Amino acid sequence: MIRFESVSKRYAPQFDALRELSFELPTGEMAFLTGHSGAGKSTLLKLIMLIERASSGRVIVNGRDHGQLKGRQIALARRDIGMVYQDHNLLDDRSVFDNVALPLVIAGMPPRDIPNRVYAALDLVGLKHRAKAFPQELSGGEQQRVGIARAVVAKPSVILADEPTGNLDPQLAVEVMNIFEDLSRVGVSILVATHDLSLIARFKHRLLTLQAGQLVADSGAVA
Ligand code: ADP
Ligand code: ADP
């Protein structure tokens, strides 16, 4: 779960990128986060990922109060959050398997335990048969699905996606959203930052709208 309690983020003395933001995303719920460029979407994601800290208010993710975390606790908290990027950030000189395995290797998982987890994550995105391929041998949609497999391989409780369908044609965007819906059904909380209004309209999930750092709308569905 994600909970923001009156969260503000001030980058410069007279400028708040986020102002008094409050919302809660329960376990297993999926929501879109939208708003114009500069509205504060990236800042909100960075607060959840512990890349930035709130200037005031409380950010609570998976029961952890981010204002209280120090040192090693920060690394542990980050491991419980999967991040999906627009450009998927895959390493071109490593196989699909090795890209997906990376979070487990970094977390120090025993090597013998890694293959089953990697194949399970690749199975979820329908790419088990491409484990030995390199990213450049895959289509854009397949690359994005590998990015999702990497984000979920460590079984995070929360997934953040920043314009995950930005480079995909509409049909592939729907495939990616279907994967997120499968994940939310098994209890993962998912926040999808996007400008894609057709996607928002097609999938009737909760919609959080930011405008100049404020939450101006929080609705269940868009017609
Ligand atoms: P979005 O992701 O919705 O485009 P951002 O969260 O990136 O919005 O930015 C919100 C506001 O905060 C913008 O006005 C941006 O210029 C400002 N901002 C973002 N990051 C920084 C930073 N590191 N230092 C100063 N201002 C920043
Ligand atoms: P093996 O050669 O025995 O498959 P691997 O190291 O490739 O050894 O696999 C380790 C684990 O991953 C095994 O439990 C295996 O069942 C599983 N696995 C391996 N390859 C695949 C695959 N292509 N699809 C699904 N699971 C696989």
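Residues numbered from 1 in each chain as written. Chains lettered and ligands numbered in written order. Predicted model: local features only at pLDDT ≥ 70, side-chain atom pairs only at ≥ 80, totals over all residues. Heavy atoms only, no water.

- By the naming in an unreviewed UniProt entry, the protein chain goes by Cell division ATP-binding protein FtsE and is assigned to Amnimonas aquatica.
- In its Subunit (unreviewed entry) section, the UniProt entry covering the protein chain states "Homodimer. Forms a membrane-associated complex with FtsX."
- According to its UniProt record, the protein chain has this under Sequence similarities (unreviewed entry): "Belongs to the ABC transporter superfamily." (UniProt positions renumbered as here; feature names shortened; annotations may be inferred.)

### Observations concerning the site of ligand 2
At step 1: The environment of ligand 2 is formed by Pro115, Asn116, Tyr119 and Lys128.
At step 2: Here Asn116 contributes a side-chain N or O atom positioned 2.8 Å from an oxygen atom of ligand 2.
At step 3: About the coverage of ligand 2: the protein hides 34% of its 520 Å² of free accessible area.
At step 4: Its residues assigned to classes, the shell around ligand 2 comprises 2 nonpolar, 1 polar and 1 charged. (Near = heavy atom within 4 Å. Polar contact = N/O pair within 3.5 Å; in protein donor to acceptor, adjacent residues only side chain to side chain. Areas by Shrake-Rupley, 256 points an atom, 1.4 Å probe, with all protein chains shown as cover. Nonpolar A, V, L, I, M, F, W, Y, C, P; charged D, E, K, R; others polar.)

### As for the packing of helix H3 (residues 96–106) against helix H5 (residues 140–152)
To characterise two packed helices, one gives the angle between the axes of the helices and the distance between these axes.
At step 1: Relative orientation of the contacting elements H3 and H5 amounts to 30°, with a least axis distance of 7 Å. On the basis of the axis angle, H3 is roughly parallel to H5. Where H3 crosses over H5, the two elements pack in a sense that is right-handed. For the pair formed by H3 and H5, the contact residues are Val96, Asn99, Val100 and Pro103 on the first element and Val146, Ala149 and Arg150 on the second.
At step 2: In the contact of H3 with H5, the residues fall into 5 nonpolar, 1 polar and 1 charged. (Axes fitted to C-alpha atoms, helices over the stretch in contact; angles between N-to-C directions. Helix = DSSP H or I, 4+ residues; strand = E, 2+ residues; numbered from the N terminus. Parallel < 35°, antiparallel > 145°, perpendicular 65-115°, else oblique. Left-handed = near helix turned anticlockwise from the far one by under 90°. Contact = heavy atoms within 4.5 Å.)

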